[in-house]
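Fold and geometry: a report
Below are the chains, spelled out letter by letter.
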Amino acid sequence: MVREETTKQLRVPWRDRREAGQELSEKLLALREGLLRSNTMVVALPRGGVPVGLEVAQALQVPLTTWSVRKLARPQAPEVAVGAIAAGGIELWDSNREAIPIQERRQLLEKEHQELNRRRRYFQDGPIERLKSKNLIVVDDGIATGLTVAAALHSLRGLKPNKLILAIPVVDQELIAPLQGLCDQLIAIRVISNLHAVGEYFENFDQLNDADVISLLEEAKRSIHSRVRQQ
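What comes next concerns the included structure. Every chain is numbered independently, its residues counted from 1 as its sequence is written. It should be noted that, the model being predicted, local features are given only for residues of pLDDT at least 70 and side-chain atom pairs only at 80 or more, the latter also being counted only at that level, while totals for whole chains, interfaces and linings use all residues. Here the side-chain values reflect all heavy atoms present in the structure, with hydrogen atoms and water set aside.

1. Here's the deal with the overall build of the protein
Inclusion rule: Secondary structure counts use DSSP, requiring at least four H or I residues in a row for a helix and at least two E residues in a row for a strand, with both numbered from the N terminus. With C-alpha atoms as the basis for the radius of gyration, the globule rule is written as 2.2 Å multiplied by the number of residues raised to the power 0.38. The classification of residues rests on relative accessible area computed with a 1.4 Å probe and restricted to protein chains. Under 20% of the type maximum is buried, over 50% is exposed, and intermediate values are partly exposed. Whether two residues are in contact is decided by their heavy atoms: any pair within 4.5 Å suffices. Where accessible areas are quoted, they stem from the Shrake-Rupley method and a 1.4 Å probe; at the residue level, only the protein chains shown are allowed to cover. Positive residues here are Lys and Arg, negative ones are Asp and Glu, while His and the chain termini are left out of the count. To locate a charge, take atom NZ for lysine, CZ for arginine, CG for aspartate or CD for glutamate.
From N to C terminus, the protein includes 7 helices and 9 strands. Taking 231 residues into account, the globule formula puts the C-alpha radius of gyration at 17 Å, and the protein, at 17 Å, falls close to it. Dimensions of the protein, computed from the C-alpha atoms along their principal axes, are close to 60 × 40 × 30 Å. The buried share of the protein, reckoned over its 231 residues, is 51%. Considering only residue pairs separated by 6 or more positions, the protein has 70% of its internal contacts joining residues 24 or more positions apart. Surface summary for the protein: the accessible area is close to 11900 Å², and the carbon and sulfur share equals 46%. The distance from the centre of the 32 positive side-chain charges to the centre of the 30 negative ones in the protein is 5 Å.

Take a look at the structure:
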């Protein structure tokens, strides 16, 4: 169940993504009994979703992996998403924005497909055989427009998971209904009316690089290995 808040109601942001992940974990721990550890994985959207996902994976004591998605944006407005792509040939476009000429779409797709494939190889997304028939908890650091998360959910649904759960710290209220239609369950800490920027809810919202992601994934692996040795 989600509860709507206005921006005015939220004055104290999270310190960073990991703190948000810790709070999100508390909500997810209530589901733990229904999610067998041997059949559940946390799937974080890189880069920002990985520190959040690490905290969730450690709390639930399940593996962490990534699933890369790429925002499509025009050069004249690189911060504005006009579409998104994900593995499996998933291609979404924002129908509320002005039509983009076919040739420009092709150029955007060619550029971002190259980066998508690079990230998938570098982060070793999945792999696909590890995700099939699993309970997948998809995690990001927040959702303002919903295009990249929607692309990820469409892509992961194609792997026929046992259950697909979307878990995020903060999300725009208008996106709740459409995103609920793409997953089995949506869990959010805060639902905000007119969410302008996810970064407004974090004191530290520094951009992560590839090395940061790899370091967080290695931390998750060490955590799992440590628990196995202790059992």
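2. Looking at helix α1 (residues 17-29)
Let me state the cut-off plainly: The span one expects for a helix is its residue count, reduced by one, times 1.5 Å. Any pair of nitrogen or oxygen atoms within 3.5 Å is treated as a polar contact; in protein, a donor-acceptor pairing is required on top of that, and neighbouring residues in sequence qualify only through side-chain atoms on both sides.
Taking 1.5 Å per residue, 13 residues should reach 18 Å; α1 reaches 18 Å between its end C-alpha atoms and fits that length. Its buried side turned inward, α1 meets α2 (49-60), β7 (135-139), β8 (163-172) and β9 (185-193). The N-cap of α1, judged by a side-chain oxygen 3.2 Å from the amide nitrogen of Arg-18 a few residues on, is Asp-16.

3. Side note on the packing of aromatic side chains
Rule in force here: Each Phe, Tyr or Trp ring, with Trp reduced to its six-membered ring, pairs with another whose centre is within 6.5 Å; inter-plane angles below 30 degrees give stacked pairs, above 60 give edge-to-face pairs, and intermediate values give tilted ones. Geometrically, a lysine NZ or arginine CZ counts as sitting over a ring once it is within 6 Å of the ring centre and also within 35 degrees of the ring normal.
If you walk through the whole model with that rule in mind, you get 3 aromatic pairs. Aromatic side chains Trp-14 and Phe-202 sit 5.3 Å apart centroid to centroid with 40° between the ring planes, which places their arrangement in the tilted category. Here Trp-14, found in the loop between β1 (4-6) and α1, pairs with Phe-202, found in the loop between β9 and α7 (210-230); they are 188 residues apart in sequence, far enough to count as distant. Summarising the burial analysis for this pair, Trp-14 and Phe-202 share the class buried. Of note, Arg-105 hangs over the ring of Trp-93, and the distance from its end group to the ring centre comes to 4.3 Å.

4. Notes on the pairing of β7
The following threshold applies: Strands qualify as paired when DSSP identifies two bridges or more between them. The path from the first strand over the helix to the second decides the hand: if it runs clockwise while the strands point away from the viewer, the crossover is right-handed.
In terms of burial, β7 is a largely internal element, 5 of the 5 residues being buried. Note: strand β2 (residues 40-44) against β7, 5 bridges, orientation parallel. Bridging from a neighbouring strand, Met-41 pairs with Leu-136 of β7. Bridge count between β7 and β8: 5 bridges; the pairing is parallel. When the bridges of β8 are listed, Ile-137 appears paired with Ile-165. The parallel pair β7 and β8 is bridged by helix α5 (residues 147-157), and the resulting crossover is right-handed.

5. Side note on the nonpolar core
This is how it is decided: Among buried residues, the Ala, Val, Leu, Ile, Met, Phe, Trp, Tyr and Cys ones that are joined through side-chain atoms within 4.5 Å form a nonpolar core.
Trp-67, Leu-153, Leu-156, Leu-166, Val-171 and Leu-179 are the most contacted members of the largest nonpolar core, which has 34 residues in total. Here this core gets 7 residues from one element, more than from any other, and that element is α5. Sequence-distant contacts of Leu-166, that is, excluding residues within four places in its chain, are made with Val-138, Ile-143, Val-149, Leu-153, Leu-179, Cys-183, Gln-185, Leu-186 and Ile-187. Counting residues in hydrophobic clusters, the runner-up holds 32 residues, among them Ala-20, Leu-24, Val-50 and Leu-60.

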